[in-house]
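Listed below are the residues making up each chain.
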Amino acid sequence: MNAHTAELGFADIAGVGELLADASRARVLMALLDGRALPASVLAAEAGVSASTASAHLSRLVAGGLITVQPSGRHRYYRLAGPEVATVLEAVAALAPIRPVRSLRESSRAAAMRSARSCYDHLAGRLGVAVTGALLERKALTRTDGGLHTERAPSDPIAAPLHEHPYELGPAAEPIFAELGVDLDQLRSRRRPLLRFCVDWSEQQHHLGGALGAAVLTRMESADWLERHNSRRALKITPAGTRALDRILGVGVE
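Residues numbered from 1 in each chain as written. Predicted model: local features only at pLDDT ≥ 70, side-chain atom pairs only at ≥ 80, totals over all residues. Heavy atoms only, no water.

Engineer: What is the right way to read the sheet that holds strand β3 (residues 75-80) from this model?
Structural biologist: Strands belonging to one sheet form pairs held by backbone hydrogen bonds; the direction of such a pair is parallel or antiparallel. Sheet architecture is open: three strands sit in the order β1-β3-β2, paired in antiparallel fashion. Of all the strands in the sheet, just β1 (38-39) and β2 (67-72) have a single pairing partner and so form its edges. Relative to β3, β1 runs antiparallel, the two sharing two bridges. In the sheet register, Pro-39 faces β3, and the bridge partner there is Tyr-77. (Pairing = 2+ DSSP bridges. Helix = DSSP H or I, 4+ residues; strand = E, 2+ residues; numbered from the N terminus.)

Engineer: Sorry if this is basic, but what is going on with the environment of Ala-54 here?
Structural biologist: Note that Ala-54 resides in helix α5 (residues 51-63). Residue classification places Ala-54 among the buried residues on the basis of a relative accessible area of 4%. (Buried < 20%, exposed > 50% of the residue type's maximum accessible area, 1.4 Å probe, protein only.)

Engineer: Even after reading the chapter, I still don't get the environment of Glu-137, so can you show me in this structure?
Structural biologist: Along the polypeptide, Glu-137 turns up in helix α8 (residues 125-137). For Glu-137 and Leu-249, which are 112 residues apart along the polypeptide, the C-alpha to C-alpha distance reads 8.7 Å. Within the structure, Glu-137 has its side chain in polar contact with the side chain of His-149 (distance 3.4 Å). (Polar contact = N/O pair within 3.5 Å; in protein donor to acceptor, adjacent residues only side chain to side chain.)

Engineer: So what exactly am I meant to see when it comes to empty space enclosed by the protein here?
Structural biologist: A water-sized probe, rolled over the atoms, reveals where empty space remains. A full pass over the atoms with the stated rule returns one cavity of 30 Å³ or more. Roughly 50 Å³ of volume is contained in the largest cavity. Every residue along the wall of the largest cavity is listed here: Leu-123, Gly-128, Val-131, Thr-132, Leu-208, Gly-213 and Val-216. Those elements that place two or more of their residues in the lining of the largest cavity are α8 and α11 (210-222). Sort the elements by how many residues they give to the lining of the largest cavity and α8 lands first, with three residues. Of the residues contributing to the lining of the largest cavity, the split by class is four nonpolar, three polar and no charged. (1 Å grid on protein atoms, 1.4 Å probe; cavity = no way out; pocket = protein on both sides within 12 Å on 5 of 7 lines; lining within 4 Å. Points joined across faces, edges and corners; volume = space filled by probe spheres on them. Nonpolar A, V, L, I, M, F, W, Y, C, P; charged D, E, K, R; others polar.)

Engineer: Got a minute to help me understand the packing of aromatic side chains in this structure?
Structural biologist: Here the distance between the centres and the angle between the planes together describe a pair of aromatic rings. As enumerated under the stated definition, the model contains one aromatic pair in all. Taking the centre distance of 4.0 Å and the plane angle of 20 degrees together, the rings of Tyr-167 and Phe-197 count as stacked. Taken together, the residues span a long stretch of sequence, with Tyr-167 in strand β7 (residues 167-169) and Phe-197 in strand β8 (residues 196-199) at a distance of 30 residues. Judged by its relative accessible area of 4%, Tyr-167 falls in the buried class. A relative accessible area of 0% places Phe-197 in the buried class. Its end group placed over the ring of Trp-225, Arg-219 keeps NZ or CZ at 5.3 Å from the ring centre. (Phe/Tyr/Trp six-rings, centres within 6.5 Å; stacked < 30°, edge-to-face > 60°. Lys NZ or Arg CZ within 6 Å of the ring centre and 35° of its normal.)

Engineer: Could you clarify how one ought to interpret helix α3 (residues 23-31) in this entry?
Structural biologist: A turn of α-helix holds 3.6 residues, and therefore any two residues three or four places apart point the same way. By the burial criterion, the buried members of α3 are Ser-24, Arg-25, Val-28, Leu-29 and Ala-31. The buried residues of α3 occupy an angular sector of 160 degrees when projected down its axis, which confines them to one face. The N-cap residue of α3 is Asp-22: its side-chain oxygen and the backbone nitrogen of Ser-24 are 2.9 Å apart. (Arc of directions from axis to C-beta.)

Engineer: I'm lost on the confidence of the model for the chain in this one. Help?
Structural biologist: The predicted coordinates should not be examined in detail at positions where pLDDT is low. With 89% of its residues at a pLDDT of 70 or more, the chain has an overall mean of 86. The model gives residues 1-6 a pLDDT under 50, and that stretch makes three contacts with residues more than four places away or in other chains. (pLDDT = per-residue confidence, 0-100. Contact = heavy atoms within 4.5 Å.)

Engineer: What's the story with the nonpolar core in this structure? I'm lost.
Structural biologist: Note that soluble globular proteins tend to have their nonpolar side chains buried in a common cluster. Ranked by internal contacts, the top residues of the largest apolar core, which has 38 residues, are Leu-135, Phe-177, Leu-212 and Leu-249. Among the secondary structure elements, those contributing two or more residues to this core are α8, α9 (173-180), α10 (184-188), β8, α11, β11 (235-237) and α12 (239-249). Those residues in contact with Leu-135 that lie beyond four places of it in its chain are Ala-140, Leu-141, Ile-176, Phe-177, Leu-180, Leu-208 and Leu-249. Counting 19 residues, the second-largest nonpolar core is a separate cluster that includes Leu-29, Ala-31, Leu-33 and Leu-61. (Core = buried A, V, L, I, M, F, W, Y, C linked by side-chain atoms within 4.5 Å.)

Engineer: Would you mind showing me how to read the pattern of salt bridges here?
Structural biologist: Should their charged atoms come close, side chains of opposite charge can pair. Across all of its chains, the model carries nine salt bridges by this definition. Arg-138 is the salt-bridge partner of Glu-137, the closest N and O atoms lying 4.0 Å from each other. Using a relative accessible area of 52% as the deciding quantity, one classes Glu-137 as exposed. Between Glu-221 and Arg-228 there is a salt bridge, with the nearest N and O atoms lying 3.0 Å from each other. Shared partners join several salt bridges into a network, and the residues in it are Glu-174, Asp-185 and Arg-188. (Salt bridge = Lys/Arg side-chain N within 4 Å of Asp/Glu carboxyl O.)

This is the structure in structure tokens:
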């Protein structure tokens, strides 16, 4: 062991694993995966535990650095500590076995999550991949590695953000994103990277993230093209959204 290693020590992977290993804490974290802040009462209901038990779990998650807490009046709101936590949760979800569905409600919720969901603050699932693919087909995005669509490269992770992505804005970016209601110039002035891409854990293909992906999802929700399903992460496309996405991007919704 050299002096540098001794000084830094090793990452406490086991400590994070212990936090994730409890089913109730895992449900709390998954409930926060849409990037929003939720009060303890909502998270207790999501986890199916009492308020006192939820409080104990939340305290451990805060101490472990996976979530943060912000007081607001009489309430305390919790959110993921950052997108890197969402990345870990998405990657674990890709590796984890699928839980047996025991009811029609669970089946419907699982199907909704795979159809359209938020991945931290951007669109994922079949709809997220379809929108990304349509942006490629309409030259709003261009793939620079010779790939033809949103397929994952052999060297890509199974489910995680891509550190180096093979995409750039295409020649039709300005008019297409303007029609979607997204101001590219405004996004370029921000510090957050404009383009980021993830490998979608349920589709095993690329979907758009970064500042641009977040802006697209925000616009779709504010325009009432998408609405939150029973789960806060699951999204449901509205009739207005169906018409808009078909008109602008040629995305057909099943």
